Each structure stands twice: as C-alpha cells, then as structure tokens.
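If you want the building blocks of each chain, they are given just below.
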Amino acid sequence: MAVLPIIVAPDRRLKVKCAPVKAVDADIVRLMANMLETMYLAPGIGLAAPQIGVTKRVIVVDTAGKDEERKPYKMANPELLGVSAETWVHEEGCLSLPEHYADVERPERIEVRYLDENGKQCQMEADGLLATCIQHEMDHLDGLLFVDHISALKRNMILRKLTKTKKLNLSSAAE
Ligand code: NI
C-alpha cells in the first residue's frame with residue numbers, strides 16, 4: 001500500500017467529471033487500499049479518487065469515531081437511489097481544502113448503490129454523518145467541492161486564502 005499526495009484546491013484536476021469504473025480489477029482494489037491508507041493518515045473520514053489525481057468514480061469513507069473500530073466503505077460507481085426530503089446541516093471540511101470549514105445542508109438520509117472491492121453490487125442506507133460524507137465524496141466525482149454548496153462570497157474567500165497559501169509554499173520551496 002502507498003500513501004499518495006492529496007491535491008489542494010484551487011486545482012483544475014478537482015473540477016473533472018470522473019469516468020465510471022469498468023470492472024473492479026486488481027488496479028481498482030489497489031487504488032481503494034491506497035486511498036484508504038492515505039485517508040487514515042491525513043487524517044480524514046472520506047477521500048475521492050480525483051483528490052489523488054485519478055479520474056475514476058471511486059470513493060472511500062470511514063466515519064467511525066476515534067475510539068471506535070474502523071468501519072471502512074470502499075465504493076466504485078456510487079449512485080444515489082434516493083434521498084430524504086429532510087435535510088441536515090453539518091460543518092464540512094475537505095482534505096483538498098485544508099483548514100477551511102463551512103456549514104453545508106444536504107439530505108439527511110440517502111440510499112446508495114455501488115460496487116464493493118469484490119465487484120459485488122451493494123445497496124445501503126445511510127444517515128447523519130455517514131450520509132453527508134458519502135454525498136460529499138460523490139460530489140468530488142462530478143468536480144464539485146463543498147464550497148460549491150455555499151455562498152459565492154464565502155467560497156471565493158476560502159479559495160483566495162488557499163491560493164495565497166499555495167504561493168507562499170511555492171516560494172519557500174524554491175528558496
Ligand atoms: Ni472532500
């Protein structure tokens with residue numbers, strides 16, 4: 001397994017619509033394992049393939065608490081089958097938007113269909129944090145970030161700060 005560098009916004013590679021996985025082969029199984037390891041180390045509760053530069057519809061999530069047993073989900077081609085009318089507001093963060101957070105409103109409950117690491121079609125219901133996390137990661141597969149759900153004013157403020165941090169990092173790396 002390998003830990004991979006995570007792309008930080010703003011970056012056009014995070015704006016890409018990812019292609020469906022044709023088959024869950026050895027490459028996809030390895031990708032899922034590497035993504036999960038990268039996510040745990042970050043640490044984060046979800047990661048989507050485009051965040052490590054792979055434009056495939058693959059996400060991993062694990063919303064288990066620090067003191068709980070790990071409960072990872074590895075999903076290829078996740079699809080929402082249904083969402084609740086009730087919504088839930090949660091303060092979201094993202095490994096591609098380090099140190100920035102904002103309240104995002106999403107459906108509280110979802111039903112999702114996906115292929116697991118064995119290529120088996122699975123269906124599950126999720127609510128609360130897990131539902132939010134799955135929706136957040138699925139957004140990445142369509143080139144959307146959580147800041148795309150908030151006001152343009154707040155989004156631009158966050159992206160401007162990230163651009164500034166990147167420039168600072170680049171100039172210090174060049175010295
Ligand atoms: Ni994210």
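If you're wondering where the values come from, they're calculated on a predicted model, not measured in any experiment. (Residues numbered from 1 in each chain as written. Predicted model: local features only at pLDDT ≥ 70, side-chain atom pairs only at ≥ 80, totals over all residues. Heavy atoms only, no water.)

**Let's talk about the packing of aromatic side chains**
Then comes step 1: Here the structure, examined in full by the defined rule, presents zero aromatic pairs.
Then comes step 2: Positioned over the ring face of Tyr 40 is Arg 70, at 3.6 Å from the centre of the ring. (Phe/Tyr/Trp six-rings, centres within 6.5 Å; stacked < 30°, edge-to-face > 60°. Lys NZ or Arg CZ within 6 Å of the ring centre and 35° of its normal.)

**Digging into the nonpolar core**
Then comes step 1: Grouped together as the largest cluster of nonpolar side chains are 18 residues, with contacts concentrated most on Met 75, Val 112, Met 124 and Ile 134.
Then comes step 2: Where this core is concerned, the elements lending two or more residues are β2 (58-61), β3 (73-83), β6 (109-115), β7 (121-127) and α2 (128-141).
Then comes step 3: Residue contributions to this core peak at six residues, all from α2.
Then comes step 4: Leave out the neighbours within four places in its chain, and Val 112 touches Met 75, Pro 78, Glu 79, Leu 80, Leu 81, Cys 122, Gln 123, Met 124, Ile 134 and Met 138.
Then comes step 5: Leu 31, Met 32, Val 58 and Leu 115 belong to the second largest nonpolar core, which has 15 residues in total. (Core = buried A, V, L, I, M, F, W, Y, C linked by side-chain atoms within 4.5 Å. Buried < 20%, exposed > 50% of the residue type's maximum accessible area, 1.4 Å probe, protein only. Helix = DSSP H or I, 4+ residues; strand = E, 2+ residues; numbered from the N terminus. Contact = heavy atoms within 4.5 Å.)

**Quick word on α2**
Then comes step 1: Taking 1.5 Å of rise per residue, 14 residues should cover 20 Å, and α2 covers 21 Å from first to last C-alpha, within 8% of that figure.
Then comes step 2: One or two positions beyond α2, positive phi appears at Gly 143, with a value near 75 degrees. (Expected span 1.5 Å × (residues − 1).)

**Here's the deal with the side chain of His 100**
Then comes step 1: By the element assignment, His 100 lies in the loop between β4 (87-92) and β5 (102-107).
Then comes step 2: In contact with His 100, other than residues within four places in its own chain, are Glu 92, Gly 93, Cys 94, Phe 146, Ile 158, Lys 161 and Leu 162.

**Digging into unusual backbone geometry**
Then comes step 1: Each neighbour pair has its own omega, and for Ala 9 with Pro 10 the value is -10 degrees, a cis peptide bond.
Then comes step 2: On the secondary structure map, Pro 10 appears in the segment before α1 (26-41).
Then comes step 3: In this model, Ala 42 is joined to Pro 43 through a cis peptide bond whose omega is -10 degrees.
Then comes step 4: Position of Pro 43 relative to the elements: it lies in the loop between α1 and β1 (46-48).
Then comes step 5: Unusually for a residue other than glycine, Asn 77 sits at a positive phi of about 50 degrees.
Then comes step 6: Examined against the element boundaries, Asn 77 turns out to sit in strand β3.
Then comes step 7: A relative accessible area of 19% means that Asn 77 is categorised as buried.
Then comes step 8: One non-glycine residue, Glu 99, lies in the positive phi region at around 70 degrees.
Then comes step 9: Among the secondary structure elements, Glu 99 is positioned in the loop between β4 and β5.

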